[in-house]
Amino acid sequence: MPKAHRGKTLKAMPSKGRGTCPLCGSTRIKLLYDVTAEDGSGTTKVCKRCKSKKA
Ligand SMILES: [Zn+2]
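The text that follows walks through the structure, step by step, so that each part is easy to find. As the structure is a prediction and not an experimental result, all values here were calculated from the model. (Residues numbered from 1 in each chain as written. Predicted model: local features only at pLDDT ≥ 70, side-chain atom pairs only at ≥ 80, totals over all residues. Heavy atoms only, no water.)

## Observations concerning the nonpolar core
Generally speaking, soluble globular proteins have nonpolar side chains that are buried together. C21, I29, L31, V35, V46, C47 and C50 form the largest nonpolar core, which has seven residues in total. The residues touching L31, leaving out its near neighbours within four places in the chain, are M13, G17, R18, G19, T20, C21, K45, V46 and C47. (Core = buried A, V, L, I, M, F, W, Y, C linked by side-chain atoms within 4.5 Å. Buried < 20%, exposed > 50% of the residue type's maximum accessible area, 1.4 Å probe, protein only. Contact = heavy atoms within 4.5 Å.)

## Description of the coordination of the zinc ion
The zinc ion binds to the protein through C21 (SG), C24 (SG), C47 (SG) and C50 (SG); the donor distances cover 2.2 to 2.3 Å. What the four donor atoms of the zinc ion show is an angle range of 106 to 114° at the metal, which sorts the shape as tetrahedral. Owing to a relative accessible area of 33%, C24 belongs among the partly exposed residues under this scheme. (Donors = N, O, S within 2.8 Å, 3.2 Å for Na, K, Ca; no water. Tetrahedral: all angles 85-135°; square planar, octahedral: opposite > 155°, others 65-115°.)

## Observations regarding the environment of H5
By the secondary structure assignment, H5 is in the segment before α1 (8-12). Separated by 28 residues in the primary sequence, H5 and Y33 have C-alpha atoms spaced 9.0 Å apart. Aside from chain neighbours lying at most four places away, what touches H5 is L10, L32 and Y33. A distance of 2.9 Å separates a polar side-chain atom of H5 from the backbone oxygen of L32. (Helix = DSSP H or I, 4+ residues; strand = E, 2+ residues; numbered from the N terminus. Polar contact = N/O pair within 3.5 Å; in protein donor to acceptor, adjacent residues only side chain to side chain.)

Worth remembering: the numbers are spatial, not functional.
Pasting the structure below:
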């Protein structure tokens, strides 16, 4: 899946891929990365800063 987080893929996402990161609370940041949710119920989107951290 090349460039999955660029161009029209982003535009097609809700809020064009932006939102508030649930981990660091940054607002209007791009939420591009799926990580496993803390309760293990599924995945949640996090920003680039949080993608490498464990949830
Ligand atoms: Zn974050």
